[in-house]
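Structural characterization, general
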Amino acid sequence: MKIAVLQMPTLSMSGSRIDYYLKIAADNGAKIALLGEYVCNSFFTELIKMPPSMIKEQSKHKISLFTDLSKKYNLNIIAPIVQVKSKKIYKMIAKFGPKSVKFWEQNFLINYSHWDEEKFFANHCKKENEENLKKIKNIELPTFWLDGVKFGVICGFEAHFDATWQYFMKKNVDCILMPTASTFDSNERWNELLKIRAWTNLLFIIRANRIGKAEFDDKNYEFYGESMLISPFGEISNSLKKNEGIMIAEISKTELKNAQKLWKFREILNKKGLI
């Protein structure tokens, strides 16, 4: 199974750039293309200054574009995207497939003073009614099957929570697709976090980190890229540097089974009825 990882800044309204990369992905036999956070939309610090009508138009254009390109290249495109519904703004993950499009709300949102997604977005994790409070206690993360491989999808912030990984273990997920928007010289910390998560959960992790710049408190910071494939043995098998580009990541069911047979973490949890 081949997955194309696209390392890019926010896309312009023109479709030529993304068309170029998706053609490369298809020509190399990829079945999935993964984009980072805030690639379909402007970055968060720019987004909060925009009127909802402009955000809605930006997203509407990208949804139409990716719907067409997924059919054109017979690809499943995984991309975070912002949606505006009844003047409320939601942070979503989209799966654009050749036959259908599906959206999921992000479950955990950053709530730091300099980057407060929880305050800005209207996702169900902050709504105050009985139905949605139940959803908070029983999170629903994106999963799907493709060619005998079970995939899970999370945005970067969600990787910090044990509940996320427990959910995927119970769902018997083989590979995590993870769009991120990481900056502030945090790469080494991310490397160690994801290597440990891949190994202790015995699955592949594919991370697509965006590039470009963002302004926080009148200072510019770089998104550093370093998109990567991490094996179920907790090793970085392939990666990009800091520049725009595409990586064709290959995952193997044989490697997955070998890791699970060797370390037996899932087997032990199964015996105890914990997954």
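Residues numbered from 1 in each chain as written. Predicted model: local features only at pLDDT ≥ 70, side-chain atom pairs only at ≥ 80, totals over all residues. Heavy atoms only, no water.

1. Considerations on the overall build of the protein chain
The secondary structure content of the protein chain amounts to 9 helices and 16 strands. Taken over C-alpha atoms, the radius of gyration comes to 18 Å for the protein chain, in line with the 19 Å a tight globule of 275 residues would show. Its C-alpha atoms put the protein chain at 50 × 45 × 40 Å along the principal axes. Per-residue burial over the protein chain gives 52% buried out of 275 residues. (Helix = DSSP H or I, 4+ residues; strand = E, 2+ residues; numbered from the N terminus. Rg over C-alpha atoms; globule rule 2.2 N^0.38 Å. Buried < 20%, exposed > 50% of the residue type's maximum accessible area, 1.4 Å probe, protein only.)

2. A look at the state of the cysteines
Simply put, disulfide is the name for a covalent bond between the sulfur atoms of two cysteines. Counting across every chain of the model gives 0 disulfides. For the unlinked cysteine cysteine 40, the closest cysteine sulfur is that of cysteine 155, found at 11 Å. Looking at cysteine 40, the relative accessible area reads 1%, which means it is buried. Counting only cysteine sulfurs, cysteine 155 is the nearest neighbor of cysteine 175, a cysteine outside any disulfide, at a range of 15 Å. (Disulfide = S-S within 2.5 Å.)

3. So, unusual backbone geometry
The backbone phi angle of leucine 202 is positive, close to 55°, even though this residue is not glycine. For leucine 202, the position within the fold is in the loop between α7 (187-201) and β11 (204-209). Here leucine 202 falls in the buried class, since its relative accessible area comes to 0%. Unusually for a residue other than glycine, glutamate 226 sits at a positive phi of about 60°. Examined against the element boundaries, glutamate 226 turns out to sit in the loop between β13 (219-224) and β14 (228-230). Residue class for glutamate 226 comes out partly exposed when judged on its relative accessible area of 22%.

4. Looking at the layout of surface pockets
Here the idea is plain: a probe the size of a water molecule rolls over the atoms and shows the empty space left. Space inside the largest pocket adds up to approximately 370 Å³. In terms of lining, the largest pocket is formed by 20 residues, of which the most central are Ile110, Tyr112, Trp115, His160 and Trp190. In terms of residue class, the lining of the largest pocket is made up of 8 nonpolar, 8 polar and 4 charged. (1 Å grid on protein atoms, 1.4 Å probe; cavity = no way out; pocket = protein on both sides within 12 Å on 5 of 7 lines; lining within 4 Å. Points joined across faces, edges and corners; volume = space filled by probe spheres on them. Nonpolar A, V, L, I, M, F, W, Y, C, P; charged D, E, K, R; others polar.)

5. Some remarks on the side chain of asparagine 209
Its place among the elements puts asparagine 209 in strand β11. Of the polar contacts made by the side chain of asparagine 209, one reaches the backbone oxygen of glycine 225; its length is 2.9 Å. Contact partners of asparagine 209, with chain neighbours within four places excluded, come to Gln7, Thr180, Ala181, Ser182, Tyr224, Gly225 and Ser227. (Polar contact = N/O pair within 3.5 Å; in protein donor to acceptor, adjacent residues only side chain to side chain. Contact = heavy atoms within 4.5 Å.)

6. Observations regarding the sheet that holds strand β9 (residues 149-153)
Spatially, the 6 strands line up as an open sheet ordered β8-β9-β10-β11-β14-β15, and their pairing is mixed. Looking along the sheet, the strands with just one partner apiece sit at the ends: β8 (143-146) and β15 (236-239). Strand-to-strand twist in this sheet, taken as the mean axis angle between neighbours without regard to direction, amounts to 20°. Pairing analysis gives 4 bridges linking β8 to β9, with the strands arranged antiparallel. Within β9, the position partnered with tryptophan 145 by the bridge is lysine 150. (Pairing = 2+ DSSP bridges. Axes fitted to C-alpha atoms, helices over the stretch in contact; angles between N-to-C directions.)

7. A closer look at the nonpolar core
The nonpolar side chains of soluble globular proteins are, as a tendency, buried together. Within the largest apolar cluster, 27 residues are counted, with the highest numbers of intra-cluster contacts made by Leu6, Ile18, Leu22, Leu35, Phe66 and Ile77. Breaking this core down by element, the ones donating at least two residues are β1 (2-7), α1 (16-27), β2 (32-35), α3 (52-73), β3 (76-85) and β4 (88-96). In terms of residue count, α3 provides more of this core than any other element does, 5 residues in total. Leave out the neighbours within four places in its chain, and leucine 22 touches Leu6, Ala33, Leu69, Tyr73, Leu75 and Ile77. (Core = buried A, V, L, I, M, F, W, Y, C linked by side-chain atoms within 4.5 Å.)

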